[in-house]
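What follows is each chain in one-letter form.
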Amino acid sequence: MKKITIPYWIFTVLVVVFMGVGAITDTVKATDAVELFKHLGYPEYLLPFLGIAKILGIIAILIPGFPRIKEWAYAGLVFDLTGAMYSNIAEDGISAGLSFLIGYIIIVGSYVYYHKRQKSGLLNQTIKQAEHAI
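Quick caveat, the model's predicted, so the values are computed rather than measured. (Residues numbered from 1 in each chain as written. Predicted model: local features only at pLDDT ≥ 70, side-chain atom pairs only at ≥ 80, totals over all residues. Heavy atoms only, no water.)

For this particular structure, what's the right way to read the overall build of the chain?
Within the chain, the regular secondary structure consists of 6 helices and 0 strands. With 134 residues in all, the chain has 33% of them scored as buried. In the chain, the share of contacts with a sequence separation of at least 24, taken over all contacts with a separation of at least 6, comes to 65%. Charged side chains in the chain number 11 positive and 9 negative. The centres of these two groups are separated by 19 Å. (Helix = DSSP H or I, 4+ residues; strand = E, 2+ residues; numbered from the N terminus. Buried < 20%, exposed > 50% of the residue type's maximum accessible area, 1.4 Å probe, protein only. Contact = heavy atoms within 4.5 Å. Lys, Arg positive; Asp, Glu negative; His and termini not counted. Charge placed at Lys NZ, Arg CZ, Asp CG, Glu CD.)

Put into structure tokens, the structure is as follows:
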């Protein structure tokens, strides 16, 4: 069980931190985020939308249950990361996109271990514990 649970939580916490920092800076329109968006040619009003979408995705990944919503949340985070990577490559060249590989690795790691937890029955135990806590 620990061979699945520990890597799942390591990857998932990294996803939350990685995407969460970006979500917060986008939502509050931090100066760096606004400058980056202008550099990439995007309108500033798109920042809070993307930030809130990332926050909702993170929440969906962390809340027990709702497997279909989790699938969409993981997909949304990958779509966001892919769009950001493509924009950076288009504007600044291929070397600007290489740093996004880390994001893909942690999202895929969380996703793969989420499914391993699901198949092993650990996820059902977590959901039952959450239901009893309520």
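Explanation requested: helix α3 (residues 46-62) in the structure shown.
Turn by turn, an α-helix covers 3.6 residues, leaving residues three or four places apart pointing in a common direction. Across its 17 residues, α3 extends 25 Å between first and last C-alpha, which sits within 8% of the 24 Å expected from 1.5 Å per residue. Taken as a whole, α3 has its buried residues at Leu47, Gly51, Lys54, Gly57, Ile58, Ala60 and Ile61. Where α3 is buried, its residues contact α1 (2-27), α2 (31-40) and α4 (67-92). (Expected span 1.5 Å × (residues − 1).)

What exactly am I supposed to notice about the pattern of salt bridges here?
When charged atoms on two side chains of opposite charge get close, those side chains can pair. Evaluated as defined, the whole model comprises 3 salt bridges. Where Glu44 meets Lys29, a salt bridge forms, and the shortest distance between an N and an O atom there is 3.7 Å. Taken together, the residues Glu44 in the loop between α2 and α3 and Lys29 in the loop between α1 and α2 connect sequence positions 15 residues apart. The exposure class assigned to Glu44 is partly exposed, which follows from its relative accessible area of 32%. Under the relative-accessibility criterion, Lys29 is labelled partly exposed at 34%. Across the salt bridge formed by Lys54 and Asp80, the nearest N and O atoms sit 3.7 Å from each other. On the criterion of sequence distance, the pair formed by Lys54 in helix α3 and Asp80 in helix α4 is long-range, its members being 26 residues apart. Both residues of the pair, Lys54 and Asp80, belong to the buried class. (Salt bridge = Lys/Arg side-chain N within 4 Å of Asp/Glu carboxyl O.)

Got a minute to help me understand the environment of Leu81 in this structure?
Tracing the backbone shows Leu81 in helix α4. Expressed as a C-alpha distance, the spacing of Leu81 and Thr27, which sit 54 residues apart in the sequence, is 16 Å. Each residue touching Leu81, except ones within four places of it in the same chain, is listed here: Phe18, Phe100, Gly103, Tyr104 and Ile107.

Honestly, unusual backbone geometry in this entry has me stumped. Any pointers?
In terms of backbone geometry, most residues other than glycine have negative phi values and most peptide bonds are trans. Here Lys29, not a glycine, exhibits a phi torsion of approximately 55 degrees, which is positive. Not every positive phi belongs to a glycine, and Phe66 is a case in point at roughly 55 degrees. Positionally, Phe66 belongs in the loop between α3 and α4.

Is there a simple way to explain the packing of α1 against helix α5 (residues 100-120) in this structure?
Describing two packed helices takes the angle between their axes plus the distance from one axis to the other. At a closest axis distance of 8 Å, the pairing of α1 and α5 adopts a crossing angle of 140 degrees. The pairing of α1 with α5 is recorded here as oblique in orientation. Crossing angle aside, the handedness with which α1 passes α5 is left-handed. Across from Lys3, Ile4, Pro7, Tyr8, Trp9, Phe11, Thr12, Leu14, Val15 and Phe18 in α1, the residues of α5 making contact are Gly103, Ile105, Ile106, Ile107, Gly109, Ser110, Tyr113, Tyr114, Lys116, Arg117 and Ser120. For the contact of α1 with α5, a count of residues per class yields 13 nonpolar, 5 polar and 3 charged. (Axes fitted to C-alpha atoms, helices over the stretch in contact; angles between N-to-C directions. Parallel < 35°, antiparallel > 145°, perpendicular 65-115°, else oblique. Left-handed = near helix turned anticlockwise from the far one by under 90°. Nonpolar A, V, L, I, M, F, W, Y, C, P; charged D, E, K, R; others polar.)

Please explain the nonpolar core as it appears in this structure.
General note: in soluble globular proteins, nonpolar side chains tend to be found buried as a group. Among the nonpolar cores identified, the biggest contains 18 residues, and Val15, Tyr74, Leu77 and Ile107 are the most heavily contacted of them. Sorting the residues of this core by element identifies α1, α3, α4 and α5 as the ones contributing at least two each. Tallying contributions element by element places α5 first for this core, with 6 residues. Apart from residues no more than four positions distant in its own chain, Val15 is found in contact with Gly20, Leu77, Ile106, Ile107 and Ser110. (Core = buried A, V, L, I, M, F, W, Y, C linked by side-chain atoms within 4.5 Å.)

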